[in-house]
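So the chains spell out like this:
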Amino acid sequence: MSQLDRYFDTLATRGLPVWPEIAVGENSYEPGYVYTFEAADVTAFFGIVLHRVADVAGMRFALKCVVASEDPALLKISAPDGQRVEGDDGFLSTGLVTCGSQTLGAYREWLCDQDGNWLMVRRIEGGGSVLPFGQIVIQGVPVVIQGVPLVNTVPAPLALRQPPRPVIPAVIVPRARPVVPPPGPSLPEVIELEDAFDDDSLMNALGEKLRMAQTLRAMLDAVLYFPFTLRTTSVDSASFESIGVLRLDATLFGADFVLTAELEVSASGQSVELQLYDLTAAAVVATLTSSSTTTENQTALVVLPLAGHLYDVRLRRVGGAPGELVSCRSVALRR
Amino acid sequence: MGFLEGLFEDTVPEMPIADEIITADAVVAPGSLYRIAAGDVDYTLTMQTLSLATVSNMRFAVKVYSSAESVFGLTIVAPSGQLLEDVAGELVASVELTQLVGLYREWLCDAEGNWMLVGNVDPGEVA
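## Description of unusual backbone geometry
Okay, so step 1: Here the phi dihedral of A282 of chain A falls at roughly 55°; this positive angle occurs in a residue that is not glycine.
Okay, so step 2: Within the secondary structure, A282 of chain A is located in the loop between β20 (270-278) and β21 (283-290).
Okay, so step 3: With a phi close to 75°, N57 of chain B is a non-glycine residue in the positive phi region.
Okay, so step 4: Looking at where N57 of chain B falls in the secondary structure, it is placed in the loop between α1 (52-55) and β5 (59-66).
Okay, so step 5: By relative accessible area, N57 of chain B is classed as partly exposed at 27%.

Following this line, the structure appears as structure tokens:
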């Protein structure tokens, strides 16, 4: 059995996490944590929050004094309703019990049994310096100015302030073995394969084989379709009203695009105009028109600048009467 | 993070607490905390012998949690071939304690079968 066997398992189940903030004042605290506190010259009262015994059986609760007081007072703890807690005298009590004084370094830890008794299982008396934490001392003499101790305000050790971090078990796995070619006759350094597509008809004027480029272009053409996001599809305004925008950089695709739109009007005698407007350049790019009362595809070739521009599609009713809508069901730029 | 979130998940009990409460001499299996109800006779607890591979890293603890009129003795006998550490740091075959209410001892077994004392509460005067 290795020395490390179960090492991490043990760690993972040993730790009682430290609550990330220093406990202050008379309060009730959740079990399952170590609570750090500052000593004071008045009795400190800690209560354990009530939970069902079934939930807290086997759970711990601990207190640790991390900041000293010149005149530390008593430390008291109370059990949750219906449960009992052990004091320093070893007796279980349903009320308040004394568990030492608030001496720097004092530590008490309780473990709850199946009957709701919080049994004391760790006890350290502390008894360290009674000087305030960080008290500045020169040649053994604490520095006090007008009765106020001069204290370095560096916070308490970080380990006591950081939230508990989970222990991640480590597993050592075998190093991957290199692939070794099987023994046998020596292999050639390269394998020659015949190019079944070596066809001069695929060569361009410069002698370059185009089949791959053409295949890629066909694939790209299939996806070079840039629809506008429309906020509405119908208007009855006689002046152009913006219905959607699209930002497009034609650099990667080339300047030549087709503006394609599905247009219709609601009544005979009126028409719809769709305008592609370059907001970046502040210029009209193209206009499509339809007078069809059924959806009709209209297209126009457009040349776009090879830069990122924001385009607007605008719609208006020509003829007809207010309230009679004209529509653009979809509009896109495609290659 | 909510105050109660993960509360019970990250507080895995370090050591189970045996259901039985000791009120007389007994043979007990390591790996648990045994509660002892103090009586008017001496108690002897004999730890069950298990293989080293099984008990390595295992814990064992006793807690006297109810009092008697008088304080009697409590002897913990180590498993056969293994040793227990007493409060003086000596490895011995058995440890003499008392049934003083509040008393607590906890041991952790190393790979050689030595039960090292890692928890020790002696009830005393309130500070």
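## So, the pattern of salt bridges
Okay, so step 1: Going through the model one piece at a time under the given rule, you end up with 16 salt bridges over all chains.
Okay, so step 2: With a shortest N-O distance of 3.0 Å, E125 of chain A and R108 of chain A are connected by a salt bridge. In this pair, E125 of chain A is assigned in the loop between β10 (117-124) and β11 (137-138) and R108 of chain A in strand β9 (residues 107-112), connecting sequence segments 17 residues apart.
Okay, so step 3: The partly exposed category is assigned to E125 of chain A, whose relative accessible area is 38%.
Okay, so step 4: Taking relative accessible area as the criterion, R108 of chain A reaches 1% and is therefore assigned buried.
Okay, so step 5: Across the pair D115 of chain A and R35 of chain B runs a salt bridge, and its minimum N-O distance is 2.9 Å. You can see D115 of chain A sitting in the loop between β9 and β10 and its partner R35 of chain B sitting in strand β3 (residues 33-37), one on each of two chains.

## Some words on the sheet that holds strand β9 (residues 94-98) of chain B
All names here are of chain B.
Okay, so step 1: What the four strands build is an open sheet, ordered β2-β4-β6-β9; its pairing is mixed. Two strands in the sheet have a free side with no partner beyond their single neighbour: β2 (26-28) and β9. Neighbour-to-neighbour, the strand axes of the sheet open up by a mean angle of 20°, direction not taken into account.
Okay, so step 2: In this structure, strand β4 (residues 43-47) lies alongside strand β6 (residues 73-77), joined through four bridges in parallel fashion.

## Considering the packing of aromatic side chains
Okay, so step 1: This structure, assessed with the given rule, holds 12 aromatic pairs over all chains.
Okay, so step 2: Note on Y29 of chain A and F46 of chain A: the rings are 5.3 Å apart at their centroids and 40° apart in plane angle, and the pair reads as tilted. One end of the pair, Y29 of chain A, is in strand β1 (residues 27-29); the other, F46 of chain A, is in strand β3 (residues 44-48), and 17 residues separate them in sequence. For the pair shown, Y29 of chain A and F46 of chain A are each scored as buried.
Okay, so step 3: Aromatic pair Y34 of chain B and F60 of chain B: ring centres 5.8 Å apart, planes at 45°, arrangement tilted. Note that Y34 of chain B is positioned in strand β3 and F60 of chain B in strand β5, a separation of 26 residues in sequence. Of the two residues, Y34 of chain B and F60 of chain B, both sit in the buried class.
Okay, so step 4: Here the basic side chain of R335 of chain A rests over the ring of F257 of chain A, its NZ or CZ set 5.7 Å away from the ring centre.

The rules behind the values
- All chains use their own residue numbering, which begins from 1 and follows the written sequence.
- The order in which chains are written sets their letters, starting at A; the order in which ligands are written sets their numbers, starting at 1.
- Reporting in this predicted model follows two pLDDT cut-offs: at least 70 for local features of residues, and 80 or more for side-chain atom pairs to be given and counted; totals over whole chains, interfaces and linings ignore these cut-offs and use all residues.
- Hydrogens are left out, water is left out, and the side-chain values use all remaining heavy atoms of the structure.
- Under the DSSP-based scheme used, a helix requires at least four consecutive residues in state H or I and a strand at least two consecutive residues in state E, with every element numbered from the N terminus.
- Residue burial is assigned from relative accessible area. The probe radius is 1.4 Å, only protein chains are included, and a residue is buried under 20% of its type maximum, exposed over 50%, and partly exposed in between.
- For this document, the term salt bridge refers to a Lys or Arg side-chain nitrogen within 4 Å of an Asp or Glu carboxyl oxygen.
- Only strands joined by at least two bridges in the DSSP assignment are considered to pair.
- A fitted line through C-alpha atoms serves as each axis, taken over the contacting stretch for helices, and the angle formed by two N-to-C directions is quoted from 0 to 180°.
- Note on aromatic contacts: the rings of Phe and Tyr and the six-membered ring of Trp form a pair at centre separations within 6.5 Å, being stacked when their planes are under 30 degrees apart, edge-to-face when over 60 apart, and tilted otherwise.
- In our convention, an over-ring charge means Lys NZ or Arg CZ found within 6 Å of a ring centre and within 35 degrees of that ring's normal.

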